[in-house]
Every structure is written in structure tokens, then in C-alpha cells.
Amino acid sequence: MKMRVLALFALMGIATTGFAAAPGKAQQIAEGEKLYKYWCSGCHGPGIGQNGAPYLPGETALRAKYKGAVPGLLHERTDLTPEFVKLFVRQGITIMPFFRKTEIDDQQLDAIAAYLTRNSKTK
Amino acid sequence: MATLPAGVSAADFNAAITKFKAAVGEKHVFTSDEDVALYRDAYSPMWGTPQELLASAAVAPDTVEQVQAIVRAANEHKIPLYPISTGKNVGYGGSAPNLHGSVVLDLKRMNRILEVDDRRGFALVEPGVAYFDLYRHIQEKKLKVWIDCPDPGWGSLIGNSLDHGVGYTFGAFRDHFGSHCGMEVVLPNGEIMRTGMGALPGAKSWQDYKYGFGPYVDGLFGQGNFGIVTKMGFWLMPEPEAYQSGYVSVPKRHDIIALVDHVNYLEHIGLIGQPNYSSPLGRAQRNEPDLRALVGKAGGPSDEELDRFGAAKGIPSWEVELQFYGPAKTVAANWEYARERIGASIPGSTFRDGHSYRFPMTDEQKAAVEHKVAVGIPAMSIFSIGARSELNPSPTDGHLWFAPIIPKTGEAILESQRAFAKVYQEFGLNVGGIFQTPATWIYRAFVMIVGMPVSRSNKEINAKSMAAFKRVVEVAAEHGWAEYRSPPAFADLVADSYSYNDHALRRFNEQLKDAVDPNGIIAAGRGGIWPRHLRGGRKA
Ligand SMILES: Cc1cc2nc3c(=O)[nH]c(=O)nc-3n(C[C@H](O)[C@H](O)[C@H](O)COP(=O)(O)OP(=O)(O)OC[C@H]3O[C@@H](n4cnc5c(N)ncnc54)[C@H](O)[C@@H]3O)c2cc1C
């Protein structure tokens, strides 16, 4: 059932490319936001870190890496692509380990990618 | 298929995989290289080498009956299984097995919170339940209990406690295995067993009384390989009215001895939660080049030299944060008592108030708490230590935890600092040192933990960390100290140091292993315990 609904949403998304997010896409993005908050925001969300760090570790790391060229919070970025998001979730980076499919399955990862790329100029 | 368990034919392996699929559904058996690679230990010091411990496949059941079916099939085809709950044991092995080629039994999908009772103060959960999940459940239901969390909130109550994991509130709760009550286990023959009062059909107190009747066997399942735990109860702390912390500083190196004795008294009599030791003098190195020079001089500085430096600059050697929980009135009185007691005993000791909170907190108040786990809120902020930052522009790819137990005394701190620092220096590792203070999660012992760096691209870093690890385990054993927990790469080495009377303990464990799991299918090598047919391959 879930599969069929998602397939339908994907079709609708394609049909309306270039316009405001279609209902299917909107639902996928909303689902992605929920999953992002659950799995990623512990490090990548807004908030203070430990030992006096003003930001959580994910934001601290991305601020140090990009030195202000892009926002430190992933959900504020407009330059991400779905492939980029998926690469880091499945391969990890520095101290961030990768996530198994029992944690985030491929459909859920698509939703997280859709959420993080919702404002991207290049999709 | 890249990896087969040693001694298992492709035919047997494939037959088992077919049975696993029949038990849990095709979608929940992972055999492609891409999927199985997600079970690698992200912090493996053997990353990309022939020694790396890899899974051959993974299977993810959703019910106890499915676990039973998997275990029976594994027995039939002699397939080694390696159970994980949430698989987040990074630094101690991640989700990778001790025995190369094992099939990981991934219990993440079994994530039901079966019961939370805030009158008797317990939770009964399945393996896939993360600290974050239980916290959310408690908040949503407005239950008046706290969880004792380890630093990272994404792990599971069951996986963490089965590795003897630890947390941050009161002593009785910080020992996560010690604060469990009652287990359900799928034994190596596929049978279900319940421990403690759970062995009584219709028991009314499975999560209230641990021992039931007869020997207490739960210990076999922590850092062991005698079964797969499918349910576990945990005691929870009542939400207190207030929290207050206070900092105590003492000037001289040897003041740590009296300080620890006082803090032990406060803790063991129930007045404080976890004490957090640190060294203001150690921190001052960043801004004091003369101190850095003193510390770096050949042979290291004497305690007297350090005391002179500290006295001249007005920088104390040691500090401890005391954390008080309870009614607002008694919390304030207990802090006052601690000040009086320590002030009267250690000349030059100073005191300052720390944080003060009332419960329940609003979301805004929670967001402002830096060390959230100290007030029972799971978080991920610990990764601030180690993540890329301006001060740490080239982070490592993780670390190996070396976590030796020493006695809970100031003397042991001073002795172990110097003994371990010598090894770290010899290997050029920038960890530990003469200002290192102990981790205090364990109620009755200290842990002089350090994280040795690992890299996924630089094998030299890994080789150095592994060599240092091996050496420091030996040095620890020479002093009568040993690890409480170990990454799989060193499990044999660590188990080997527990060698009293020609390894009587290990021989006993292995006798049990042979009786309970004759085919050796469950987590071979975990805790240094190998099934008979694999004992020759022991690494130590
Ligand atoms: C920066 C950092 C900070 C950390 N801080 C802490 C801390 O404060 N406290 C702490 O304790 N740890 C800490 N750790 C270590 C580790 O991350 C946690 O202990 C984590 O909770 C363990 O992972 P898990 O809960 O997913 O357990 P899992 O990885 O699921 O399980 C751990 C092991 O237990 C066994 N096991 C798991 N489930 C079962 C089962 N159902 N039946 C039989 N055997 C089973 C397996 O051998 C498994 O490998 C830290 C790690 C890092 C990197």
C-alpha cells in the first residue's frame, strides 16, 4: 500500500515539475522533515553543543568546513542535491557513521533528500 | 557474495539465507555488498585491511518468533550470528561482529515500548528502542520518571546495557546493566527463557525483583554470547523537584586524594549524583606557554613544580562539579554541607555555584541545558568533542575507546596518569596525560578512558593506535587495572589479562558456552569467549 501511494506521489511530482510542490511531493517533503528531525537534528539541528560549543556538532563542523560560504544548518541550504545527501547518509564522514537500511530505508532516505533539497536551485 | 563465515559451505549459507527470508520476508534480509557494507564498524582500526571484521549478511526480524526461527535455521546450518540492538556501539565495535563472516542479527525493527510504570519506576522495552524513543514516550504520556542516558541518545537501552554501558545521573541508575530488572532471551537452541520473576508464569513483579529464585543468570548475557535478548526491564529514576550543581576547586596536585575521599562519601551516602572531575591547570596549558614548556620537559614535571606554577598563577590543580538532585530545600542544604565538609578539610579549597533547574522544564529551558544527559534528556551533543571545528579543522574518522578501570581513589588517579602517559608519549599519541581526570559513570570505580584516533584513509594512524592499545592493556595489567569494555579487535587481549588461576574464569565461561551453544552460533568471540571449534584462532 505504502509503495503504491509513494509511486503515485512520484508520478504527480514529475507531472508538475517547475510548479509549486505537488501534493505528493509536499507529503514526501513533510515525511522527510519528520525523519530528518528524528535521525539528523540531534547533531545537525539548531542548538548548543557541549563544552561551551555554541552550536551542535553537525553545524559546528559545517561552519568550520565552509567558513560561511553556505549555512551551517543543512535544512537551510539551497545547494544540496539528493545524491549528495544520500552519499553522506550511506558513507558517513569523519566521526559521523553511516546509517543502515533498518534505520533509514531507501524510501525514507529519498524523503530526507527531498526535504533537504526542497529549496535547491539545482535538483 | 564477498564474505562467507569460515568453515561454512556456500550451500549451507544459501540454505540458511533462504530460511531467514522465509522467516522475516525477503526485504529484511540483506546480502548485497552495498547493504552489508552498512554493517561495517565505521570506527574500525582495521578499516580496508584483510583483518577488518565484516558481516556476511544481515537479517532483521520484527518479532520474537522470527528471532527463534532464525536461531533454529542458524543452528541447523551452523551459521554464526551476531546480534545487535541499535548497532551504535561506535568506539567499541559498531555493528560489526567479533567473528569475521557472521550474519548480523539486526534487532532495530523490534522497537516496541511494552510498558512504562512511573509509580513503581520501570520500563520494559524491546532491543530496537532508542533512548530518544523512550524519552519521547515518557514526555508524551507526561510520566514522572527520568531515564539515565549515555551521552549519545541514538543507542538502545538493551544494546547499551548489554555492553555494560553507563550514564550520568545517580549511581544506581548510571550502571545500565546493574539497573536492569528481568530479561527475555532466545537461547541458542531457539527456546525462549525469562529471567528473575519472569520465570514465574503470570508473574506480577518481573520488573521489580531481579533474582527470582536460584542462581542469577542475567550476567551471562552482558558482554557474553549465551543468547539473544528480546526484552529487558529497566529501573527509572523519579523526576526530582530540583537540580543544583556546585564546583569545588582544590589547589595542589595531592589534594585530589582528600577530594576524592570526600566526594566518594557524598556520593555513597546518596547526597550527589555523578561527580565531574577536571583540571583547571590542565586547561590553562592552552594560554600558558611556560606551563606547556614545564609539562613538555624531559621526564615531565614533578608535582611540586606544578604546584608552584599553580600557586604563582592562582590556578587550582583540580575541580569537581557536584550534582545534587531532589527537593529544592534539601538540594540547597546538601550543597551547603558539601562546602562545609570540604572547606574544613582541604586548605585553599574554593566553591562556586553551578546550574540550578526546576522540573518539569519547558522546551526552552531544556534547550538551554548544556549537558542534557545530567538531567535525563537524551542528546547527541557529545559529538562536539571530536567533530570538525575551528580548533579541530582536521578531525579523525573516529576513535578506539581504551577504558581501564582503576580504584576510586586520588592515589590511583595520580599513579595511572603517569603510567599511561608514558605509553601514549612513546607512541606519539596526544591523549591522556598528567592532568587527565577519570570518567565517573561507574558507581564504585573510575575509568581512565581515552579515545585513540582511527582513520579510514591513513592506515598508519590505525597501526599506531592499535600498537599503543596493545601496549597500554599490558601496562594496565601490570598495575592491576584492566578494561571494562573493549572493541572486538582487542577482546581477546583484554580477556587474556583476566587470567587469575590459569584463566579459570574464561575456562568456566567456555565450559558453559559448550553446553549452552554447542554449535557456537551466537556472537562467537564476544567477551573473549569462543566456541570450541574456534578456540585455536584466539587473537591474544
Ligand atoms: C562520542 C561517543 C560517546 C559515547 N558515550 C557513551 C556513554 O556515555 N556511555 C556509554 O555506555 N557508551 C558510550 N558510547 C559508546 C556507545 O556509542 C554506546 O554505548 C551505545 O549506546 C552502544 O550502542 P547501542 O546501544 O546501539 O548497542 P548495540 O551496538 O546494539 O549493542 C552493543 C553490543 O551488545 C551486544 N548486543 C546488543 N543487543 C543484543 C541483544 N539483543 N542480545 C544479545 N547481545 C546484544 C552486541 O554484542 C552488540 O555489539 C559513546 C560512543 C561515542 C562515539
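All of these numbers come straight from a predicted model, not from anything done at the bench.

Q: Could you give me a rundown of the overall build of chain B, with the residues and numbers involved?
A: Within chain B, the regular secondary structure consists of 16 helices and 20 strands. At 24 Å, chain B has a C-alpha radius of gyration in line with the 24 Å of a compact globule built from 540 residues. With the principal axes as the frame, chain B shows a C-alpha extent of 75 × 55 × 50 Å. By residue count, 59% of the 540 residues in chain B fall in the buried class. Considering only residue pairs separated by 6 or more positions, chain B has 72% of its internal contacts joining residues 24 or more positions apart.

Q: Hey, could you go over the overall build of chain A for me, with residue numbers and the actual values?
A: Assigned secondary structure in chain A consists of six helices and zero strands. Reading the helices (α) and strands (β) of chain A from amino to carboxyl end gives α-α-α-α-α-α. Sequence separation of at least 24 residues holds for 47% of the intrachain contacts in chain A that already meet a minimum separation of 6. A total of about 6,500 Å² of accessible surface is found on chain A, and carbon and sulfur atoms cover 63% of it.

Q: Talk me through the side chain of His180 of chain B; I want residue IDs and the actual numbers.
A: Residues and elements named next belong to chain B. Here His180 shows up in strand E8 (residues 180-186). For His180, a relative accessible area of 0% corresponds to the buried category. A polar side-chain atom of His180 sits 2.6 Å from the main-chain carbonyl oxygen of Phe177. Here the side chain of His180 touches Asp218 through a polar contact of 2.7 Å, side chain to side chain.

Q: I'd like a description of the packing of aromatic side chains, backed by residues and values.
A: Residue and element names in this part refer to chain B. Per the counting criterion, the structure on display carries 24 aromatic pairs over all chains. When the centroid spacing of 5.7 Å and the interplanar angle of 90° are considered together, the rings of Tyr209 and Tyr211 count as edge-to-face. On the basis of relative accessibility, which here comes to 43%, the residue Tyr211 falls in the partly exposed class. Aromatic pair Phe402 and Phe420: ring centres 5.5 Å apart, planes at 85°, arrangement edge-to-face. With Phe402 in strand E16 (residues 399-402) and Phe420 in helix H13 (residues 410-426), this pair connects stretches of sequence that are 18 residues apart.

Q: Explain the site of the ligand residue by residue, including any values.
A: Residues and elements named next belong to chain B. Looking at the ligand, there are 33 residues lining it, with Tyr82, Ser85, Thr86, Lys88 and Arg485 nearest. Here an oxygen atom of the ligand and a backbone polar atom of Asp151 are 2.9 Å apart. Protein contact buries 97% of the 960 Å² of open area that the ligand shows by itself. If you list the elements that add at least two residues to the shell around the ligand, you get strand E3 (81-84), helix H5 (157-162), strand E10 (228-235) and E16. Among the elements that take part in the shell around the ligand, H5 stands out by supplying four residues, more than any other. For the shell around the ligand, the per-class residue count stands at 18 nonpolar, 11 polar and four charged.

Q: Explain helix H1 (residues 10-24) of chain B to me, using residue names and the numbers behind them.
A: All names here are of chain B. Compared with the 21 Å implied by 1.5 Å per residue over 15 residues, the 21 Å span of H1 between its first and last C-alpha is a close match. Its buried side turned inward, H1 meets strand E1 (29-30), strand E2 (57-59), helix H3 (64-77), E3 and strand E4 (103-106). Directly beyond the C-terminal end of H1, a positive phi value near 95° is found at Gly25.

Q: Break down the nonpolar core for me, citing the residues and quoting the values.
A: Residue and element names in this part refer to chain B. Within the largest apolar cluster, 82 residues are counted, with the highest numbers of intra-cluster contacts made by Leu259, Leu322, Phe402, Tyr424 and Met452. In this view, Leu322 contacts Gln244, Ser245, Gly246, Val248, Val263, Leu266, Ile272, Trp335 and Ala338; residues no more than four positions away in its chain are not counted. Counting residues in each nonpolar core, the second largest holds 51 residues, with Leu134, Phe177, Met183 and Ile449 among its members.

Q: I'd like a rundown of H13 of chain B, residues and numbers included.
A: Residue and element names in this part refer to chain B. Across its 17 residues, H13 extends 25 Å between first and last C-alpha, which sits within 8% of the 24 Å expected from 1.5 Å per residue. Restricting attention to buried positions, one finds in H13 the residues Gly410, Ala412, Ile413, Leu414, Ser416, Gln417, Ala419, Phe420, Ala421, Val423 and Tyr424. Immediately downstream of H13, the backbone of Gly428 shows phi near 65°, a positive value.

Q: Break down the state of the cysteines for me, citing the residues and quoting the values.
A: A complete count under the given rule lists zero disulfides over all chains for this structure. For Cys43 of chain A, which is in no disulfide, the shortest distance to another cysteine sulfur is to Cys40 of chain A and amounts to 9.2 Å. Unpaired in this structure, Cys181 of chain B has its nearest cysteine sulfur neighbour in Cys149 of chain B, at a distance of 19 Å. The exposure class of Cys181 of chain B is buried, given its relative accessible area of 0%.

Basis of the calculations
- Residues numbered from 1 in each chain as written.
- Chains lettered and ligands numbered in written order.
- Predicted model: local features only at pLDDT ≥ 70, side-chain atom pairs only at ≥ 80, totals over all residues.
- Heavy atoms only, no water.
- Helix = DSSP H or I, 4+ residues; strand = E, 2+ residues; numbered from the N terminus.
- Rg over C-alpha atoms; globule rule 2.2 N^0.38 Å.
- Buried < 20%, exposed > 50% of the residue type's maximum accessible area, 1.4 Å probe, protein only.
- Contact = heavy atoms within 4.5 Å.
- Areas by Shrake-Rupley, 256 points an atom, 1.4 Å probe, with all protein chains shown as cover.
- Polar contact = N/O pair within 3.5 Å; in protein donor to acceptor, adjacent residues only side chain to side chain.
- Phe/Tyr/Trp six-rings, centres within 6.5 Å; stacked < 30°, edge-to-face > 60°.
- Near = heavy atom within 4 Å.
- Nonpolar A, V, L, I, M, F, W, Y, C, P; charged D, E, K, R; others polar.
- Expected span 1.5 Å × (residues − 1).
- Core = buried A, V, L, I, M, F, W, Y, C linked by side-chain atoms within 4.5 Å.
- Disulfide = S-S within 2.5 Å.

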